[in-house]
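Examining the three-dimensional arrangement
Single-letter residue listing:
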Amino acid sequence: MTQKNSNQLNSHEAVLKAIVEAIDIPKSLDQIARDRYASIGRWLDRDNSGIRQFDPEIYPQGSFLLGTVIRPVGDADEFDIDLVCTLKGTKNDFTMSSLKVSVGEEIKSYAKKNGFIKEPEDGRRCWTLEYSDKANFHMDILPALPNAEQYRLMLEESGHTILATDEKISEKAIAITDKTLDNFDIYSDDWPVSNPKGFAIWFKSCQANVLNERKQLLMESDVMYASVDQVPDHKVKTPLQQAIQLLKRHRDSMFDGKENKPISVIITTLAGHSYNNETTITETLRSLLKNMGGFIINPEGESWIPNPVNPIENFADKWKETPEKKQNFLKWLEKAQRDFGLYLVSNNYRDIPEELKESITQETMSNVLPLIVASVSTPAIISFGEAEAATIISKGGATKPWRK
Amino acid sequence: MAQVREKQLQQLLSTVKSVIAFDQPKLSAVIKNNHVIVEGCFSIVSTNDSHKKHGVIAEFLVKIIFSPLYPTDEPRVLETGNCIKHTLDNHINTDGSCCIVVWEEWITTNSDNSVQAYFDGPLKNFFLSQHIKKTTGEWPFGEYPHGKEGLLDAFTNVLECSKNETKVLYLLRILSKDRLRGHWNCPCKSGKTIRKCCLDDLVRLRTKVPSKMAQIMSNRLQSYDRKKGNISSHDKITAKQGQF
């Protein structure tokens, strides 16, 4: 926490910003994570790499790509970073199994060369690399193949022709492996489909105006950048990203250690839909919390939350077989509405309700609370009432009491 | 029929819940006895950003009863915290029920009669008025006189005419008909027929006060002259809601 911030904690917005800063990945660790996956990328592409002929590309996906990473509850510096490793091959070159093994061999040799204590773990879809130095990252690396053609076809067949012809999104689609599938070991066209980069393009489009404004501001204050286009997305933070980070922390503390908590991709998707270019975290949280529920299709019955870049995929597909997942989402949303509302609507910025402190976690709040400054003078609240009445009159909204 | 009513109630509950979500964190809503009941602490919040950081302007404990026929039926509001004296002068009956607004006036003079508009308009205005009255002794938006006189004032305002009961009732009679009778005497007392006089004004007025509403307003005004016990349908609804 910087001294500069401590001087700014004199409003709800400043307090929320400080909380986000406390739960966000620190800039130094963010850079280490980027350096580390770049280093893996160089290893996979080295001269004697077994997959070099497939021009391996490694890039982040999920919250690291979207800028919504948060510290785990407990505030340890243990971040999960999700990566994709795409080989420019086809399903004729690989079975799911052989792709997983080919990428896995190189990751294992990387781990050996760099003295990792634990050998990379072979998960259902990913390889997990566990760093055990001062920056304790878990890196999940998802082997993948480009899959634009099949993705376009799939969207066209299901009637989503506009999305199918959006090349910016469809060309980013990938085919991924899953060792629980029957065709894992045989050559097949039928691979699971994913599109993390396409999702990120959609997410960016939800906040394009504010993102560009923030980039513009950074460009004006940093000589490194000659134009807005040169400013990488991850160098700026938007209120949508910050509000999602707060919501995810609220979720994590509510379901700490419990199963069936609301999943991040549902929160992010509903948040993206609900966002209306608000410029503060406070306004964004209000907009998100009031509108998120409205973007669930058929909330009373078999609910559907379509993947915005692949509407055939229902992010809420597990809600049917495990109704607790749906109940937990609705419970969480109601609690988040109340906890954030209690602070941002009912209380002054100095008094954070216990409910919200618990939801953000006491550990995090103990870093933020000492930085909240008291008002210079106690305001005459009654004048606010009269000022509000004057506003209502000026807008023509006055109504008079009467007795029957 | 019961299914339709249940669906209406569920829809109203969902609307009310979305209105109070985040903005009224100390209120909760449930369905009880075929009505949507909102209970808890109603917060009056400033719309001025620089004032918001100091928290709410005032809070009042309330119980709000919405009929599934909202907005045809006026919600019944009870002040349950006894923060305001339940007196005639405070526009609160002894049972705590609040005289928020002349319902017909609000319905006809506002294009938005949603639950959100009700919370942001009459409900907020009433309790903000109470808060200011308590500290300054003044009603910031004014007040209507009690009973029939206040009703007449409000209807005069709606009909944009002079405060004359006979005239108001005649205008409401004209508007109550399914179509304007052009051969009737013009209410402006010019001696001409409506067709040859204020037809355009009345056509405009009809969009504001449809025939059903004109009938309700007329009945309500006349109910004061009827013998005790012969209360209007609106008052019947209000009396029925008294069971909560």
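Attention here is on the structure that accompanies the text. (Residues numbered from 1 in each chain as written. Chains lettered and ligands numbered in written order. Predicted model: local features only at pLDDT ≥ 70, side-chain atom pairs only at ≥ 80, totals over all residues. Heavy atoms only, no water.)

**Looking at the overall build of chain A**
Selection rule: Elements are defined by DSSP. Helices are runs of H or I of four residues or more, strands are runs of E of two residues or more, and each kind is numbered from the N terminus. Throughout, radius of gyration means the C-alpha value; the globule benchmark is 2.2 Å times the number of residues raised to the power 0.38. Accessibility here uses a 1.4 Å probe with only protein chains present; expressed as a share of the type maximum, an area under 20% marks a residue as buried, one over 50% as exposed, and anything in between as partly exposed. Note on areas: Shrake-Rupley with a 1.4 Å probe; residue coverage comes only from the protein chains shown. For the charge count, each Lys or Arg is scored as positive and each Asp or Glu as negative, with His and the chain ends excluded. By convention, charge coordinates are those of NZ in Lys, CZ in Arg, CG in Asp, or CD in Glu.
If you tally the helices and strands in chain A, you get 18 helices and 9 strands. Its C-alpha atoms give chain A a radius of gyration of 24 Å, near enough to 22 Å, the size a compact globule of 404 residues would have. If you line up chain A on its principal axes, its C-alpha atoms span 80 × 50 × 45 Å. Counting across all 404 residues of chain A, residues that qualify as buried make up 51%. For chain A, the accessible area works out to roughly 18,900 Å², and carbon and sulfur atoms hold 49% of it. Computing the positive centroid from 49 side-chain charges and the negative centroid from 59, chain A places the two 4 Å apart.

**Some remarks on the overall build of chain B**
Operational definition: The contact definition used throughout considers only heavy atoms, calling two residues in contact when any of these lie within 4.5 Å.
Counting its secondary structure elements, chain B contains 9 helices and 4 strands. When the elements of chain B are put in sequence order from the N terminus, they spell out α-β-β-α-β-β-α-α-α-α-α-α-α. In terms of overall dimensions, chain B has C-alpha extents of about 60 × 50 × 40 Å along its principal axes. Taking the intrachain contacts of chain B between residues at least 6 apart in sequence as the baseline, contacts between residues at least 24 apart amount to 49%. A total accessible area of about 11,800 Å² is found for chain B, and carbon and sulfur atoms account for 49% of it. Looking at charge distribution, chain B has the averaged site of its 34 positive side-chain charges lying 7 Å from that of its 25 negative ones.

**Side note on the sheet that holds strand 3 (residues 58-66) of chain B**
Residues and elements named next belong to chain B. The condition that has to hold: Two strands are said to pair when DSSP picks up at least two bridges between them. Orientation is described by lines fitted to C-alpha atoms, with helices fitted over the stretch in contact, and by angles between N-to-C directions that extend from 0 to 180 degrees.
One open sheet accounts for 4 strands, arranged 1-2-3-4; its pairing is antiparallel. Looking at which strands have only one partner, the edges of the open sheet turn out to be strand 1 (27-32) and strand 4 (76-79). On average, adjacent strands in this sheet sit at an angle of 20° to one another, irrespective of strand direction. One ladder, built from 4 bridges, connects strand 3 with strand 4; its direction is antiparallel.

**Comments concerning the interface of chain A and chain B**
For the record, the criterion: Buried area is understood as the total, over both parts, of accessible area removed when two parts are fitted together, assessed with a 1.4 Å probe. Salt bridges are identified by distance alone: a Lys or Arg side-chain nitrogen within 4 Å of an Asp or Glu carboxyl oxygen.
Opposite the 39 residues of chain A that make contact, chain B presents 55 residues. Summing both sides of the interface, chain A and chain B together bury roughly 4,000 Å²; the carbon and sulfur share of this comes to 63%. There are 3 salt bridges connecting chain A and chain B. Lys 290 of chain A is the partner of Asp 23 of chain B in a salt bridge, and the nearest nitrogen-oxygen pair spans 3.1 Å.

**A few points about the layout of surface pockets**
All names here are of chain A. The condition that has to hold: Points on a 1 Å grid, built from protein atoms alone, make a cavity when a 1.4 Å probe fits but cannot get out and make a pocket when they are open with protein on both sides within 12 Å along at least 5 of 7 lines; residues with an atom within 4 Å of a point are the lining residues. Grid points are joined across faces, edges and corners, and a volume is the space filled by probe spheres set on the points. Reported domain spans reflect what an automatic or database domain assignment gives.
Roughly 1,500 Å³ of internal volume is contained in the second largest pocket. Residue lining of the second largest pocket: 48 residues in total, with Lys 27, His 234, Lys 235, Val 236 and Lys 237 positioned closest to the centre. Secondary-structure elements contributing two or more residues to the lining of the second largest pocket are helix 1 (3-6), helix 2 (12-23), helix 3 (27-44), strand 1 (57-61), helix 4 (62-66), helix 9 (196-206), helix 10 (208-221) and helix 11 (239-254). There are two domains that each give the lining of the second largest pocket at least three residues, and those are domain 1 (1-23 + 196-404) and domain 2 (25-194).

**Regarding the nonpolar core**
A general trend in soluble globular proteins is that nonpolar side chains are found buried together. Filter applied, for reference: Joining through side-chain atoms within 4.5 Å is the link that ties buried Ala, Val, Leu, Ile, Met, Phe, Trp, Tyr and Cys residues into a set, and such a set is a nonpolar core.
Core analysis: the largest hydrophobic core is formed by 68 residues, its most contacted members being Phe 66, Tyr 118, Phe 119 and Phe 127 of chain B. The leading source of residues in this core is helix 4 (residues 115-136) of chain B, at 9 residues. Those residues in contact with Phe 119 of chain B, other than ones at most four positions away along the chain, are Val 19, Ile 20, Leu 27, Phe 42, Ile 64, Phe 66 and Lys 124 of chain B. In this structure, Ile 19, Ile 169, Ala 200 and Leu 288 of chain A belong to the second largest nonpolar core, which totals 63 residues.

**Remarks on the pattern of salt bridges**
All names here are of chain A. In this structure the tally under the stated criterion is 35 salt bridges over all chains. Linking Glu 130 and Lys 118 is a salt bridge whose minimum nitrogen-to-oxygen distance equals 3.5 Å. One end of the pair, Glu 130, is in strand 4 (residues 127-130); the other, Lys 118, is in the loop between helix 5 (96-113) and strand 3 (121-122), and 12 residues separate them in sequence. The residue Asp 317 makes a salt bridge to Lys 318 at a minimum N-O spacing of 4.0 Å. Residue classification places Asp 317 among the partly exposed positions, given a relative accessible area of 42%. On the accessibility criterion, Lys 318 (42% relative accessible area) is partly exposed.

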